[in-house]
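# Descriptive structure summary
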Amino acid sequence: MNTFFVKIICSDKVFFEGRCQTVILPTPEGQMGVLAHHENMVVAVEIGKLRLQTKEGEWIEAVVSKGFAEIMNNRVSILVNSAERPEDIDVLRAREAKERARERLRQKQSIQEYHLSQASLARAMTRLQASEHGKKYI
Ligand code: ATP
């Protein structure tokens, strides 16, 4: 099986580093699958679920927030603000973040604040959706 090197860096850590068979990225245009020897490009990464299949065949899922991915010479570098495995998601924290964002959206805000609140809400909802215990709080 053809593999390629993947590194996922978020603001506070290297989330993943190793060889993969497949990476599925959430992009503004939808899911984008990357296999070995993909053409070189840079794509935006959206708030959503990223999935990768390691060299050994194990699937790893992560909730990521905005960033970008660079596909260059059979290497994929993904830079995102945050990345969490579903089992590491703090459901209570995501619920509170969702309520705060909803409350802000009910109030009058500047267009910039409105977009920030929308992004907070999307992060919280994606975390709740990805977490096994969080689904019931969406
Ligand atoms: P909050 O308002 O709760 O901080 P947020 O969406 O503003 O949520 P981020 O700025 O996206 O948080 O993330 C800051 C850091 O906290 C990152 O390292 C991220 O992985 C982590 N994080 C945020 N929310 C959660 C959560 N519900 N469970 C686990 N880690 C989280």
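Everything numeric here is computed off the predicted structure, so don't read it as measured data.

## Quick word on unusual backbone geometry
Despite not being glycine, His37 has its phi angle at roughly 60°, a positive value. Looking at His37, the relative accessible area reads 58%, which means it is exposed.

## So, the site of the ligand
Residues in contact with the ligand, as listed here, are Asp12, Ser82, Glu84, Asp88, Ile89, Asp90, Arg93, Ala94, Ala97, Arg100, Arg123 and Arg127. One of the side-chain nitrogen or oxygen atoms of Arg93 is found 2.9 Å away from an oxygen atom of the ligand. When isolated, the ligand has an accessible area of 590 Å², and the protein chains bury 70% of it. In terms of residue count, helix 1 (residues 91-106) provides more of the shell around the ligand than any other element does, four residues in total. When residues of the shell around the ligand are sorted by domain, at least three fall in each of domain 1 (4-84) and domain 2 (90-137).

## Some remarks on the side chain of Thr54
Looking at where Thr54 falls in the secondary structure, it is placed in strand 5 (residues 48-54). By relative accessible area, which is 5% here, Thr54 ends up buried. If sequence neighbours within four positions are ignored, Thr54 has contacts with Phe16, Arg19, Cys20, Gln21 and Ile60.

## Quick look at the pattern of salt bridges
Here the structure, examined in full by the defined rule, presents seven salt bridges. Between Lys98 and Glu99 there is a salt bridge, and its shortest N-O distance comes to 4.0 Å. Looking at Glu99, the relative accessible area reads 40%, which means it is partly exposed.

## Quick notes on the packing of aromatic side chains
Enumeration over the complete set of coordinates arrives at zero aromatic pairs. A cation sits over an aromatic face here: Arg95 above Tyr137, 4.0 Å from the ring centre.

## Focus on the domain arrangement of the protein
Here the domain parsing of the protein yields domain 1 (4-84) and domain 2 (90-137). With seven residues of domain 1 at the contact, the number on the domain 2 side is six residues. A per-residue breakdown of the area domain 1 buries against domain 2 is headed by Ile47, Lys49 and Val63, which together make up 65% of the total. Between the two partners, domain 1 and domain 2, sit one salt bridge. Measuring nitrogen to oxygen at the nearest pair gives 2.8 Å for the salt bridge that ties Glu84 to Arg127. One can count two residue pairs in polar contact (both at pLDDT 80 or more) joining domain 1 with domain 2.

Thresholds, definitions, all that
Residue numbers run consecutively from 1 along every chain, following the written order of its sequence. Residues qualify for local features only when their pLDDT is at least 70, as the model is predicted, and side-chain atom pairs are given and counted only at 80 or more; totals for whole chains, interfaces and linings, by contrast, use all residues. Side-chain numbers come from the whole structure's heavy atoms, not from hydrogens or water. When accessible area is computed with a 1.4 Å probe and restricted to protein chains, residues below 20% of their type maximum are described as buried, those above 50% as exposed, and intermediate ones as partly exposed. If even one non-hydrogen atom of a residue comes within 4 Å of a molecule or strand, that residue is called near it. Pairs of N or O atoms within 3.5 Å make up the polar contacts considered here, provided that, within protein, one atom can donate a hydrogen while the other can accept it, and that residues adjacent in sequence are counted only when both atoms are side-chain atoms. In short, Shrake-Rupley with a 1.4 Å probe defines the accessible areas, and a residue's cover is counted only from the protein chains shown. Per the convention used, a helix needs a DSSP run of H or I reaching at least four residues, while a strand needs a run of E reaching at least two, with both numbered from the N terminus. How far each domain reaches was decided by an automatic or database domain assignment. Two residues qualify as a contact provided that any one of their heavy atoms is within 4.5 Å of a heavy atom in the partner residue. Each reported salt bridge corresponds to a side-chain nitrogen of Lys or Arg within 4 Å of a carboxyl oxygen of Asp or Glu. Each Phe, Tyr or Trp ring (for Trp, its six-membered ring) is paired with any other whose centre lies within 6.5 Å, and the angle between the two planes then decides the class: stacked below 30 degrees, edge-to-face above 60, tilted in between. Working rule: Lys NZ or Arg CZ, within 6 Å of ring centre, within 35 degrees of ring normal, means a charge sits over the ring. Buried area: the accessible surface (1.4 Å probe) lost by two parts on joining, summed over both.

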